[in-house]
Amino acid sequence: MHLTILLRQGLMLLTLLALTYLAAGIGALGSINAASFYRELQLPAFAPPAWLFGPVWTLLYTLMAVAAWLVWRSTKQHRAALGLYFAQLAVNALWSWLFFAWYQGALAFANILLLLPLIIATALCFWRQNKLAGLLLVPYLLWVSFAAVLNFSIWQLNPGVL
C-alpha cells in the first residue's frame, strides 16, 4: 500500500510538471521570435538581458508545479486552489502571444494586470492548504510584478511597434 501511495504521488508530480511545462510550451510558441524582437526594441535601463528569461521561467514553472503538487497532496479540498492555478497558467501563456507574436503591448499589459491578482489568489489559496506551497509562488509573483513594469515601460518606449 505504501508503494501505491508513493507511485500515485510521483505520477501526480510528473503530471503537474507536464501540464505546467505544456502551458510554458504554449507560451514559448508565441515567443519564437522573442530574442530578435527584444533586441530591436527600445528597452528601459533596468531591462534584463534576453538570455535571462529562459532560465528564470524554467525555475519559476518548476516551483509552480511543485507548489501545485504540495497542495494536491496536502488536502482533499484542493479543487478550488488548483482551479485558480490552471486559470493563471492559461492567462500566463496568453501573455507571450499578445506581446511577442501579436505585438499588442497594451493588451499584454492588461493581461498582466489580470494575471497578478490571479497569482495572488492562487498563492493565498495555496498558503491556506500548505504554507510551503504558498511560499513557492512568491518568486513567481515578484517576477511577474517586475514583468508588468517592464511590459509597461517597453510598450511606452515603442509606440510604433507595440
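Since the model is a prediction, treat every value here as computed from it, not as a measurement.

Visitor: Just to check I follow, could you spell out the layout of surface pockets for this structure?
Guide: Empty space among the atoms becomes visible once a probe the size of a water molecule is rolled across them. One number sums up the size of the largest pocket: a volume of about 640 Å³. Along the walls of the largest pocket sit 27 residues, with Ser 31, Phe 53, Trp 57, Ser 96 and Phe 100 positioned nearest its centre. Here the lining of the largest pocket takes six residues from helix H7 (residues 138–157), the largest share from any one element. When the residues that make up the lining of the largest pocket are grouped by side-chain class, the tally is 20 nonpolar, seven polar and no charged.

Visitor: Explain unusual backbone geometry here, please?
Guide: Most peptide bonds are trans, and most residues other than glycine sit at a negative phi. Positive phi, close to 55°, is recorded for Tyr 103, a residue that is not glycine. Locating Tyr 103 in the fold gives a position in the loop between helix H4 (79–101) and helix H5 (105–129).

Visitor: Can you walk me through the nonpolar core in this structure?
Guide: Phe 99, Phe 126 and Tyr 140 are the most contacted members of the largest nonpolar core, which totals 50 residues. At the level of elements, helix H1 (2–30), helix H2 (34–40), helix H3 (53–74), H4, H5, helix H6 (131–136) and H7 are the ones that each hand at least two residues to this core. When residues of this core are assigned to their parent elements, the largest contribution, eleven residues, is made by H3. Once residues within four sequence positions are removed from consideration, Phe 126 is found in contact with Ala 67, Ala 68, Val 71, Ala 81, Leu 82, Tyr 85, Lys 131, Ala 133, Gly 134 and Leu 137.

Visitor: Looking at this structure, how should I read the packing of H1 against H4?
Guide: For any two helices packed against each other, one specifies the crossing angle of their axes together with the interaxial distance. Between H1 and H4, the shortest axis-to-axis distance is 6 Å and the interhelical angle comes to 20°. Judged on the interaxial angle alone, H4 and H1 are roughly parallel. Here the hand of the crossing between H1 and H4 comes out right-handed. Here Leu 16, Leu 19, Thr 20, Ala 23, Ile 26, Gly 27, Leu 29 and Gly 30 of H1 come into contact with H4, specifically with Tyr 85, Phe 86, Leu 89, Ala 93, Ser 96, Trp 97, Phe 100 and Ala 101.

Rules used throughout
- Once a new chain begins, its residue numbering starts again from 1 and follows that chain's sequence as written.
- pLDDT decides what is reported in this predicted model: residues at 70 or higher carry local features, side-chain atom pairs at 80 or more are listed and counted, and totals for whole chains, interfaces and linings draw on all residues regardless.
- Hydrogens are left out, water is left out, and the side-chain values use all remaining heavy atoms of the structure.
- The method works on a 1 Å grid over the protein atoms by themselves. A cavity is a set of points holding a 1.4 Å probe that cannot get out, a pocket is an open set with protein on both sides within 12 Å along at least five of seven lines, and residues with an atom within 4 Å of a point line them.
- Grid points are joined across faces, edges and corners, and a volume is the space filled by probe spheres set on the points.
- Secondary structure elements follow DSSP: runs of H or I of four or more residues count as helices, runs of E of two or more count as strands, with numbering from the N terminus.
- The residue classification treats Ala, Val, Leu, Ile, Met, Phe, Trp, Tyr, Cys and Pro as nonpolar and Asp, Glu, Lys and Arg as charged. All others, Gly included, are polar.
- The definition of a nonpolar core used throughout is a set of buried Ala, Val, Leu, Ile, Met, Phe, Trp, Tyr and Cys residues joined through side-chain atoms within 4.5 Å.
- The rule is simple: take the accessible area with a 1.4 Å probe, protein chains only, and divide by the maximum for that residue type; under 20% is buried, over 50% is exposed, in between is partly exposed.
- By definition in these notes, contact holds between two residues if any of their heavy atoms fall within 4.5 Å.
- Lines fitted to C-alpha atoms define the axes, with helix axes restricted to the stretch in contact, and inter-axis angles between N-to-C directions lie between 0 and 180 degrees.
- Any angle that is under 35 degrees is reported as roughly parallel, and any over 145 degrees as roughly antiparallel; angles of 65 to 115 degrees are reported as roughly perpendicular and all others as oblique.
- Definitions for this section: a left-handed crossing has its near helix turned counterclockwise from the far helix by less than a right angle. A right-handed crossing has that turn clockwise.

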